[in-house]
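# Structural characterization, general
What follows is the residue order along each chain.
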Amino acid sequence: EDQVTQSPEALRLQEGESSSLNCSYTVSGLRGLFWYRQDPGKGPEFLFTLYSAGEEKEKERLKATLTKKESFLHITAPKPEDSATYLCAVGNPTSGSRLTFGEGTQLTVNP
Amino acid sequence: DVKVTQSSRYLVKRTGEKVFLECVQDMDHENMFWYRQDPGLGLRLIYFSYDVKMKEKGDIPEGYSVSREKKERFSLILESASTNQTSMYLCATHSNQPQHFGDGTRLSIL
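About the thresholds
- Residues numbered from 1 in each chain as written.
- Chains lettered and ligands numbered in written order.
- Predicted model: local features only at pLDDT ≥ 70, side-chain atom pairs only at ≥ 80, totals over all residues.
- Heavy atoms only, no water.
- Helix = DSSP H or I, 4+ residues; strand = E, 2+ residues; numbered from the N terminus.
- Rg over C-alpha atoms; globule rule 2.2 N^0.38 Å.
- Buried < 20%, exposed > 50% of the residue type's maximum accessible area, 1.4 Å probe, protein only.
- Contact = heavy atoms within 4.5 Å.
- Areas by Shrake-Rupley, 256 points an atom, 1.4 Å probe, with all protein chains shown as cover.
- Lys, Arg positive; Asp, Glu negative; His and termini not counted.
- Charge placed at Lys NZ, Arg CZ, Asp CG, Glu CD.
- Polar contact = N/O pair within 3.5 Å; in protein donor to acceptor, adjacent residues only side chain to side chain.
- Disulfide = S-S within 2.5 Å.
- Buried area = accessible area lost by both parts, 1.4 Å probe.
- Salt bridge = Lys/Arg side-chain N within 4 Å of Asp/Glu carboxyl O.
- Nonpolar A, V, L, I, M, F, W, Y, C, P; charged D, E, K, R; others polar.

### A short note on the overall build of chain A
Along chain A, the regular secondary structure elements total zero helices and eleven strands. Helices and strands appear in chain A in the N-to-C order β-β-β-β-β-β-β-β-β-β-β. Relative to its length of 111 residues, chain A is compact, with a C-alpha radius of gyration of 13 Å against a globular reference of 13 Å. Dimensions of chain A, computed from the C-alpha atoms along their principal axes, are close to 45 × 30 × 20 Å. Burial status across chain A gives 46% buried among its 111 residues. Contacts in chain A between residues at least 24 apart in sequence constitute 56% of all its contacts with a sequence separation of at least 6. Of the roughly 5400 Å² of accessible surface on chain A, a fraction of 46% belongs to carbon and sulfur atoms. Computed over 12 positive and 15 negative side-chain charges, the inter-centroid distance for chain A is 4 Å.

### Structural notes on the environment of T105 of chain A
Residues and elements named next belong to chain A. Relative to the elements of secondary structure, T105 occurs in strand β11 (residues 105-110). Overall, the relative accessible area of 0% leaves T105 in the buried class. Here the alpha-carbon distance between T105 and T76, two residues 29 residues apart in the chain, equals 16 Å. Not counting residues up to four positions away in its chain, the partners in contact with T105 are Q6, S7, P8, E9, L11, L21, A84, T85 and Y86. Looking at T105, its side chain comes within polar contact range of the main-chain oxygen of P8, at 2.6 Å.

### Observations concerning the state of the cysteines
All names here are of chain A. Going through the model one piece at a time under the given rule, you end up with two disulfides over all chains. The side chain of C23 participates in a disulfide bridge whose partner is C88; the two sulfur atoms lie 1.9 Å from each other. Across the disulfide from C23 to C88, rotation about the S-S bond amounts to roughly -65°, and the bridge is consequently left-handed. In this pair, C23 sits in strand β3 (residues 19-26) while C88 sits in strand β9 (residues 84-91), placing the two residues 65 residues apart along the sequence.

### Here's the deal with the interface of chain B and chain A
Many descriptions give the size of an interface as the accessible area lost when the pieces come together. Each partner contributes to the interface: chain B provides 24 residues, whereas chain A provides 20 residues. With both chains or domains summed, chain B and chain A bury close to 1600 Å², and 50% of this area falls on carbon and sulfur atoms. With its nearest N and O atoms 2.8 Å apart, the salt bridge here joins D59 of chain B to R98 of chain A. Counting only elements with at least two residues in the side of chain B that touches chain A, the list comes to β4 (31-38), β5 (42-49) and β9 (87-94) of chain B. A per-class count over the side of chain B that touches chain A returns eleven nonpolar, nine polar and four charged.

### Comments concerning the pattern of salt bridges
Side-chain pairs of opposite charge can arise whenever the charged atoms involved come near each other. Residue and element names in this part refer to chain B. With the rule as written, the count across this model stands at twelve salt bridges over all chains. With its nearest N and O atoms 3.7 Å apart, the salt bridge here joins E79 to K18. Taken together, the residues E79 in the loop between β8 (73-78) and β9 and K18 in the loop between β2 (10-13) and β3 (19-25) connect sequence positions 61 residues apart. Where salt bridges share partners, they join R36, D38 and R44 into one cluster.

Right, here's the structure in full:
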C-alpha cells in the first residue's frame, strides 16, 4: 500500500524567510510524484511532477526536488501570496491513474 | 486549460436525503475521480471511472454510488445522507498526468 507523509503539518514564515516542506513516500514503483497548491475554498492546483531521483523542477519561488524516499518543496524568499496548503501525491504503475495524497502542509507567510 | 465544474459550491441537506453531486469536464478526459477532503485525513478517494458506464471503488466507497452516463459528466450519489458525510467533495479528471481538480462542493448534512 502506497503511503505519503508530509511534514510539518503547519509552517509559519516571515516574508523573505526561506524554508522547505517535506514529503516522504513509500510506493511500489514510482510512476510520478506530484505537488499541488490548495487555497482555502478551492480545489488543488497542479504545481510539479517529478519522475526520478535527482530530478528538480522550478517555478518562481518554488523548487521541487526528489530522492528515492522523499521530495522537498523549497520556498525561496516567500511572499504572503505563497500562503496556502501544499499537497504531495504519488502514483505507481499498478494503480492506473490513481494517486495517494499526503495530508498537506499549511504554509502561512506573514508580511 | 482544463475546466472541471462542480455544480454547487455549498450544499446543505438533511439526514436520510438522497444527494447528487455533479461534475462536468470540458477536455474529453477518460478518467474522472471523486474525493472527499477532511481535516487531518487529507484527500481520500471514493470512486473513480475510466470510461463511460465504468466505475471502480476507491478507498472509502461505503454510503456512496456514482454514475457516468456521458464522458464529460461524473455524478456522486449519497444514497441516504448521514452526518458523517459532511465534508468537502472534490472532483478531478485525468488523461495524461496530472489530475485536474474542480473547486469542490462543501456539503453539510444536518
